[in-house]
Amino acid sequence: MNSSSSSSRKTIRRIESNGHMDSLPSSLLIHDILSTLDFETLCSVSCVSKPLRLAASQALSLFSSLDLSAFSPDAHLITQIFPRFTNLKTIALNCLRLDDIYVTNILGAHVEELKLLKCSSLSSHVLASIGTCCPNLRMLVLELADTDHPKIFSRNLAQLLRGCSHLESLSIKIRGVQDYADSFRSIELHLPQDSSVFNLQSLSLVLDVISDELIFAIANSLPFLLELDLEDRPMSQPRLPHDLTNNGLQSLSSCRRLISLSLIRSHRNRPVYFKNINDMGFFLLLEGCKNLESVRVGGLSIVSDAGFGSILQSCLNLKKFEVRNALQLSDLALAESLGGSCSLVELKLVSCSLLTSAFIEDINSSSTLEVLDLSGCRSVADACLSSVSFINTLNTLDLSGADVTDSGLAFLSKGNSPIARLCLRGCKRVTNEGISLLLNGRGQIRKTLSTLNIGGIRGISDEGIQTISTAALALSELSIRYCHSVTDASIEELVSESRYQNDGKLLRKLDLCHCIGLSAHSLETLKSPYFRALQWLGVGSTRLTEKGDAALAEICRGRPCLTLCQEGCEVGCDDGWQFHRSTRG
């Protein structure tokens, strides 16, 4: 919530408590106070009194933007609220429980920015609808499951591009198994011959295979591109000529305005790599793209420290650097390139097997680093946390699968890093004692921690959850999936009155997937009025599902904003949503 929204809410409470609500001019209440609130806060305020409820309904017509991406509204809620918005230019919508007809009804010429996320039940026909209904659209983000044949998708994509001539940013991500590469190559066919007429500056695609042919088409058609984000998920190792090579990378050097580049070969389906890209490919790319501020690369098997180092040394404005599944990246490249003057804001080095804790010493004096992701780097150990604790700007730390222990967490508990998001998933040597050391120290983390993932740690039991409940009072998101020693007592602790009497925050997301120690008895604890702020609950592969859909539906009753996931998705269904065909709630 922004400061203006917070101030307005305090003003409303003060006026209501003094009994002056009826005497307040409605125009002042609606235009100067209620219209400054975000939608969630406005809904809360409307429950205070009948005058506020009526005024809040009128204030909706003044909203120019609406963000419903944090939870998945159902069709009933969308039908009820959207007719009241008459001035929306920016819409962000979680579509997990919506189909084409409800999404199409919110479209119109007034929409300029549109984000449709987790569209598990939407078809690609929504692309054609957007092209027809939103001629003034400037930005589109769309996450689709592969519900249509690629040829149908291609036709609908063509209609989108023809209808939205003012488009500046396009992000289409297809989650599934079909080959959409040919569909995306058709982008070139539908762009104006004079590329300066088409102002597309940002392109983001998730597809089957990234190849030279696709990159050539993008480089030739969009020379003024600022942001390019491509991810592929091959079902088998691509072979020439259907793969990306140094030639493809070199062609991107003609996009001299490029400031953000992401080329990721995902290991989601199987371990595959860009086997035809080496150091020379990046040397050629950087001849024309020296203004890059963000670089993300993944699946590079033969690029060495020299290639990665060239990125860090050539891009003087670089703020975000991410490398995934790089077989030859070592501490040496980072030590030589970062030295003692790291100006990065985000550094993500994921599943890079040669990395150790040594290079962290070269960035512990950073005054800019906010995000550090070392997930899957199994040789990173406690020494890393000793260095990390000195980074006073760090707010996100991911150590999934690292070799850290309770002693390492003790280092972190004494530091000044204002860490809000911490992931220790799969850190097998962490125990309840480590959680206690982490949250009962003198450092900042006990005050700032809002998101914690301790999934897959066998040493975590009810004792550790009790520590989290009583000490991590800012916590709003917790994942304890695969914590087999957690029992019903932990769920009862998380809703205990003592937590809220100490001003603890309400949990919004709770992941209990594969917690086999829970019994069906915990269903009672999960029902209203407990966990009243919950927006997402994961119960896959637990005994909580034994009583069937009726029992689970009772948890959701009266909670239109709650998504109850049985499919085993990651927290918030950020991945796995593509397999949902219906979600209870």
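Data block above holds the structure.
In what follows, the accompanying structure is described. All figures in this text were calculated on a predicted structure; none of them were measured in a lab.

**Some remarks on the overall build of the chain**
A tally of regular secondary structure across the chain gives 24 helices and 19 strands. Carbon and sulfur atoms provide 48% of the accessible area of the chain, an area that totals close to 24100 Å².

**As for the packing of aromatic side chains**
As enumerated under the stated definition, the model contains two aromatic pairs in all. Centre to centre, the rings of Phe63 and Phe85 are 5.8 Å apart; their planes meet at 70°, and the pair counts as edge-to-face. Of the two residues, Phe63 sits in the loop between helix H4 (50-59) and strand S1 (65-68) while Phe85 sits in the loop between helix H5 (75-81) and strand S2 (90-94), which places them 22 residues apart along the sequence. The same class applies to Phe63 as to Phe85, namely buried. Measuring from ring centre to ring centre gives 6.0 Å for Phe82 and Phe85, while their planes differ by 55°; the resulting arrangement is tilted. Taken as a pair, Phe82 and Phe85 share a single burial class, namely buried. Counting every residue linked through ring pairs, the aromatic cluster contains Phe63, Phe82 and Phe85.

**Here's the deal with helix H18 (residues 432-439)**
Restricting attention to buried positions, one finds in H18 the residues Asn432, Gly434, Ile435, Leu438 and Leu439. An end-on view of H18 places all buried positions within 160° of arc, on one side of the element. Where H18 is buried, its residues contact helix H17 (406-414), strand S14 (421-423), helix H19 (445-448) and helix H20 (462-471).

**Overview of the pairing of strand S6 (residues 202-207)**
The buried fraction of S6 amounts to six of the six residues, a majority that puts the element mostly inside the structure. Because side chains alternate across S6, one face comprises the buried residues Ser202, Ser204 and Val206, and the other comprises Leu203, Leu205 and Leu207, equally buried. Across six bridges, the pairing between S6 and strand S7 (residues 227-232) is parallel. Across the sheet, Leu205 pairs through a bridge with Leu230, a residue of S7. In this fold, the crossover linking S6 to S7 by way of helix H11 (residues 212-221) has right-handed handedness.

**Concerning unusual backbone geometry**
For the bond running from Leu240 to Pro241, omega is 5°, close enough to zero to count as cis. The phi angle at Tyr482 is positive, at roughly 65°, despite the residue not being glycine. By secondary structure assignment, the location of Tyr482 is in the loop between strand S16 (477-479) and helix H21 (488-494). Tyr482 gets classed as partly exposed once you look at its relative accessible area, which sits at 36%.

**Some points on the side chain of Ser262**
As for its placement among the helices and strands, Ser262 is situated in strand S8 (residues 260-265). A polar contact is formed between the side chain of Ser262 and the side chain of Asp229, at a distance of 3.3 Å. Residue contacts for Ser262: discarding those within four places in its chain leaves Leu228, Asp229, Leu230 and Arg296.

**Some thoughts on the environment of Gln250**
Note on placement: Gln250 falls in helix H12 (residues 246-252). In this structure the C-alpha to C-alpha distance between Gln250 and Phe283, which are 33 residues apart in sequence, comes to 8.6 Å.

**Section: helix H15 (residues 331-338)**
Along H15, the residues classified as buried are Asp331, Ala333, Leu334, Ser337 and Leu338. All buried residues of H15 fall inside an arc of 165° around its axis, so they share one side. Where H15 is buried, its residues touch helix H14 (305-314) and strand S11 (346-350).

**What about the pattern of salt bridges?**
Under the criterion given, the structure shown has 16 salt bridges. The partner of Arg138 in a salt bridge is Glu112, with the nearest N and O atoms 3.6 Å apart. With Arg138 in the loop between helix H7 (125-133) and strand S4 (139-145) and Glu112 in the loop between helix H6 (100-104) and strand S3 (113-119), this residue pair connects regions lying 26 residues apart in the sequence. By relative accessible area, which is 28% here, Arg138 ends up partly exposed. When salt bridges that share partners are traced, they join Glu112, Glu113, Arg138 and Glu168 into one network.

**Points about the side chain of Thr525**
As for its position among the elements, Thr525 is in helix H23 (residues 522-526). With a relative accessible area of 9%, Thr525 lands in the buried category. Not counting residues up to four positions away in its chain, the partners in contact with Thr525 are Ile491, Glu492, Val495, Tyr530 and Phe531.

**With respect to the environment of Ala306**
Turning to its location among the elements, Ala306 is positioned in helix H14. Residue classification places Ala306 among the partly exposed positions, given a relative accessible area of 42%. Between the C-alpha atom of Ala306 and that of Ala333, which follows or precedes it by 27 residues, the distance is 7.0 Å. Not counting residues within four places of it along the chain, the set of residues in contact with Ala306 comprises Asp279 and Phe283.

**Concerning the packing of H17 against H18**
The geometry of H17 relative to H18 is characterised by a closest axis approach of 7 Å and an angle of 10° between their N-to-C directions. Comparing their axes, H18 and H17 come out roughly parallel. Side by side, H17 and H18 meet where Asp406, Leu409, Ala410, Leu412 and Ser413 of the first sit next to Glu433, Gly434, Ile435, Leu437 and Leu438 of the second. When grouped by side-chain class, the residues that make up the contact of H17 with H18 number six nonpolar, two polar and two charged.

Conventions and cut-offs
- Residues numbered from 1 in each chain as written.
- Predicted model: local features only at pLDDT ≥ 70, side-chain atom pairs only at ≥ 80, totals over all residues.
- Heavy atoms only, no water.
- Helix = DSSP H or I, 4+ residues; strand = E, 2+ residues; numbered from the N terminus.
- Areas by Shrake-Rupley, 256 points an atom, 1.4 Å probe, with all protein chains shown as cover.
- Phe/Tyr/Trp six-rings, centres within 6.5 Å; stacked < 30°, edge-to-face > 60°.
- Buried < 20%, exposed > 50% of the residue type's maximum accessible area, 1.4 Å probe, protein only.
- Arc of directions from axis to C-beta.
- Contact = heavy atoms within 4.5 Å.
- Pairing = 2+ DSSP bridges.
- Right-handed = clockwise from strand over helix to strand, strands pointing away.
- Polar contact = N/O pair within 3.5 Å; in protein donor to acceptor, adjacent residues only side chain to side chain.
- Salt bridge = Lys/Arg side-chain N within 4 Å of Asp/Glu carboxyl O.
- Axes fitted to C-alpha atoms, helices over the stretch in contact; angles between N-to-C directions.
- Parallel < 35°, antiparallel > 145°, perpendicular 65-115°, else oblique.
- Nonpolar A, V, L, I, M, F, W, Y, C, P; charged D, E, K, R; others polar.

Everything listed here is a matter of coordinates, which is why it stays silent on function.
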